[in-house]
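Listed here are the chains, written in short residue letters.
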Amino acid sequence: MKILGNTKKIIFTAALLLTTLALSAQGELINKYLDKYAEDESLVKVSINSRMFSLFTEMEGGTEEEKEFLEAVAKLKGLKVLASDSLGKGQSRSLFNQATKDVDGAGYEELMTVKDAEEDVKFSIKEKSGIIEELIMVVGGNKNFVFLSLYGEIDLKTVSKLASTMRVDGLKSLEKLDEGN
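Conventions we followed
- Residues numbered from 1 in each chain as written.
- Predicted model: local features only at pLDDT ≥ 70, side-chain atom pairs only at ≥ 80, totals over all residues.
- Heavy atoms only, no water.
- Helix = DSSP H or I, 4+ residues; strand = E, 2+ residues; numbered from the N terminus.
- Polar contact = N/O pair within 3.5 Å; in protein donor to acceptor, adjacent residues only side chain to side chain.
- Contact = heavy atoms within 4.5 Å.
- Buried < 20%, exposed > 50% of the residue type's maximum accessible area, 1.4 Å probe, protein only.
- Lys, Arg positive; Asp, Glu negative; His and termini not counted.
- Salt bridge = Lys/Arg side-chain N within 4 Å of Asp/Glu carboxyl O.

Caption draft 1: Expanded view of the side chain of arginine 93. Its location among the elements puts arginine 93 in helix α5 (residues 89–105). Among the polar contacts listed, one links the side chain of arginine 93 to the side chain of aspartate 120, at a separation of 2.8 Å. When sequence neighbours within four positions are dropped, the list of residues in contact with arginine 93 reads Glu118, Glu119, Asp120, Gly140 and Gly141.

Pasting the structure below:
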């Protein structure tokens, strides 16, 4: 029986390790950028972990819409952003081109691209078993650059509402997904 007990411990430890590795893989691409540009003062770095999102679950929603929003936010594990609105055109475009190339090369599925005279916005996702595990947004304009990773269990409608509440430029483009569906 002692062998069986040790086997259970090994299986439990392996399962815990695999879960940890799966969670740490989310946000891995943006982490490389955050590390690479850690000392670059022209770029703002933001990292919000699951504890911050879990604080929302302690609130009570009054309306059905608020309750749905809080439930969806509780499933988020993190948000990381690398951004600037004061880069030179060449630098912002170069960062945008490199980031979109890296996103494409890392196996993300392109969800939507929005291009206009002032900026390009690209949304990509990683999905597993019908659940979006990570949403990547890359924005490049004349002076601005944004690389955003939202990970956890993601509902795009809720992300759009969250973006408008938090006034995250670029994510407002997700509203166009609702229009298309």
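Caption draft 2: Quick look at the side chain of lysine 80. Checked against the element boundaries, lysine 80 lands in strand β2 (residues 76–84). No salt bridge forms around the buried lysine 80; measuring N to O, its nearest opposite-charge neighbour aspartate 35 is 7.9 Å away. Separated by 2.7 Å, the side chains of lysine 80 and asparagine 31 make a polar contact. Among all residues touching lysine 80, those that are not within four sequence positions of it are Ile30, Asn31, Leu34, Val46, Ser47, Phe147, Leu148, Ser149 and Tyr151.

Geometric descriptors of this kind do not, in isolation, establish any biological role.
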